[in-house]
Amino acid sequence: MKSAAELLASDARFLWHPYSAMDGQAAAFPVASARGVRLKLATGEELIDGMSSWWCAIHGYNHPVLNAAIESQLQDMAHVMFGGLTHAPATALAEQLVKLTPPSLEKVFFTDSGSVAVEVAMKMAIQYWHARGQSRQRFLSLCNGYHGDTFGAMSVCDPVTGMHGLFSGILPSQLFAPAPQPGFGEPCREEHIRQFRDLLAVHAHALAAVILEPVVQGAGGMRFYSAGYLKQVRSLCDEYDVLLIADEIATGFGRTGKLFACEWAGISPDILCLGKALTGGYLTLAATLTTSTISDAISNNPPGVFMHGPTFMANPLACAVASASIALLLDNPWQQRIERIAQGLEQGLAPCRALPGVTEVRVLGAIGVVELEQAVELSAIQPAFIQAGVWVRPFGKLVYLMPAFIMEEEDLAQLCAAVVKVLAGRT
Ligand SMILES: *Cc1c(COP(=O)(O)O)cnc(C)c1O
């Protein structure tokens, strides 16, 4: 086996990492194993994981129930093509998703990543209007939004953080309303929705859909906004006859304290994107759900088919473990757990409010955010977190935690204390 040093040398020489340079500097820490809420590094350290591997590993790592689901499915088949074939893991998962998600969503399209689920949602919206004899190919999105890294998804991300300038020649040009101003729990007044409504009123005839992340804007700034805003968006979309795509890839499966963030506003989107926690943190999978109205329109009008079909569509292993993950979530008192994590985050991160350079500390469900005045220097802060015994990966001005739902109080307190300590120790 390679030593940690050899592994890092090889990594620095051959591998890209997310949003990183390939400048020959080792920027990654080698993980040997992961169990429960702990990552064990090849260099010996054990870290409490504050990231759930980007929202995914809601039950922690190496979970016996999820391991068993994959092992059992592996005995039958790892994969078969989904063109012309079907299987129990796919039908079981689709039934679960239709049952759990807002009522009007009845049809499921599986893809292999969140970005592709967004591409599929956008194509569905365009094909729906085509089926109704209208050419509507633009989208209205929100500033500070994040929807993925493929071209279609990128085009509806925040124009600045999404670096639209770099790709301006190839990105479709979309419309953007300002990021919602009223915070979570605050009412949405007329002046808060005015610009959104004006954009919708002017461009409705050309718009295939509005796309947004309900209640929590994730990678575009970790902002929590008013459920009242979301409610108004839904009714304005109805009023102006524009579809609503809810991207719940980050918020789905309990993270905000509701099973789906749309529930905070009591709304049902026309198209819903799921990913991340859907997988239980095991195998890459995402889903796009839609209404019978949309699926019927697409299916009963030329070209009569929906034009998408990933090679690994509805992969049986991924579907089996996703089903097991959902069952595990529902078999546990997940709401109480998230409530307890919210309290732990609130309590544990509160001392950050008194630190210089901290502009805001906010918590919603199992998401805790410390927003700073200035962007952190990753190369300095990352080793400090490791030394404090935690895995926390800030981006820009945001130091945030989204622990696995199984995290015990003591570990959570230690995780928060490490954040306070590291932020307090910055010069
Ligand atoms: C992560 C994320 C995506 C993209 O998912 P990938 O699986 O990384 O392609 C899309 N939308 C939201 C809201 C996300 O958080």
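Anything mentioned here points back to the structure above.
Thresholds, definitions, all that
Residues numbered from 1 in each chain as written. Predicted model: local features only at pLDDT ≥ 70, side-chain atom pairs only at ≥ 80, totals over all residues. Heavy atoms only, no water. Pairing = 2+ DSSP bridges. Helix = DSSP H or I, 4+ residues; strand = E, 2+ residues; numbered from the N terminus. Axes fitted to C-alpha atoms, helices over the stretch in contact; angles between N-to-C directions. Contact = heavy atoms within 4.5 Å. Phe/Tyr/Trp six-rings, centres within 6.5 Å; stacked < 30°, edge-to-face > 60°. Buried < 20%, exposed > 50% of the residue type's maximum accessible area, 1.4 Å probe, protein only. Lys NZ or Arg CZ within 6 Å of the ring centre and 35° of its normal. Parallel < 35°, antiparallel > 145°, perpendicular 65-115°, else oblique. Left-handed = near helix turned anticlockwise from the far one by under 90°. Nonpolar A, V, L, I, M, F, W, Y, C, P; charged D, E, K, R; others polar. Expected span 1.5 Å × (residues − 1).

> Give me the sheet that holds strand 13 (residues 358-364): which residues, what numbers.
Overall, antiparallel pairing links the 3 strands, which are arranged 13-14-16 in an open sheet. Either end of the sheet is taken by a strand with one partner, and the two such strands are strand 13 and strand 16 (398-401). The average undirected angle you get between the axes of adjacent strands in this sheet is 10°. As paired elements, strand 14 (residues 367-372) and strand 16 share 4 bridges and run antiparallel to each other. Paired with V369 across the strands is Y400, a residue of strand 16. Where helix 11 (residues 334-349) meets the sheet, it contacts strand 13, strand 14 and strand 16, and its direction lies at approximately 25° from that of strand 14.

> Got a sec to walk through the packing of aromatic side chains? Specific residues and values, please.
Taken as a whole and assessed by the stated rule, the structure comprises 9 aromatic pairs. On the basis of an interplanar angle of 85° and a centroid distance of 4.9 Å, the ring pair of F184 and W264 is categorised as edge-to-face. Taken as a pair, F184 in the loop between strand 6 (175-177) and helix 7 (190-203) and W264 in the loop between strand 10 (243-247) and strand 11 (271-274) lie far apart in primary sequence, 80 residues in all. For F184, a relative accessible area of 28% translates into the label partly exposed. In this structure W264 comes out as partly exposed when scored by relative accessible area, which is 30%. Between F395 and Y400, the ring centres sit 5.4 Å apart and the planes meet at 75°, which makes this aromatic pair edge-to-face. Here the aromatic cluster, defined as three or more aromatic residues joined through ring pairs, consists of F196, Y225 and Y229. Across the ring face of W264, the terminal group of K258 is positioned such that the distance to the ring centre comes to 4.9 Å.

> Provide a residue-level description of the packing of helix 11 against helix 13 (residues 409-424), including the pertinent values.
The geometry of helix 11 relative to helix 13 is characterised by a closest axis approach of 9 Å and an angle of 30° between their N-to-C directions. For the element pair helix 11 / helix 13, the angle class is roughly parallel. Helix 13 is crossed by helix 11, and the crossing has right-handed handedness. On helix 13, the residues touching R340, I341, G344, L345, G348 and L349 of helix 11 are E409, L412, C416, V419 and V420. Of the residues belonging to the contact of helix 11 with helix 13, the class tally is 7 nonpolar, 2 polar and 2 charged.

> With reference to specific residues and values, describe helix 11.
Taking 1.5 Å as the rise per residue, helix 11 with 16 residues should run 22 Å; its terminal C-alpha atoms sit 22 Å apart, in good agreement. Elements in contact with the buried residues of helix 11: helix 10 (316-331), strand 13, strand 14, strand 16 and helix 13.

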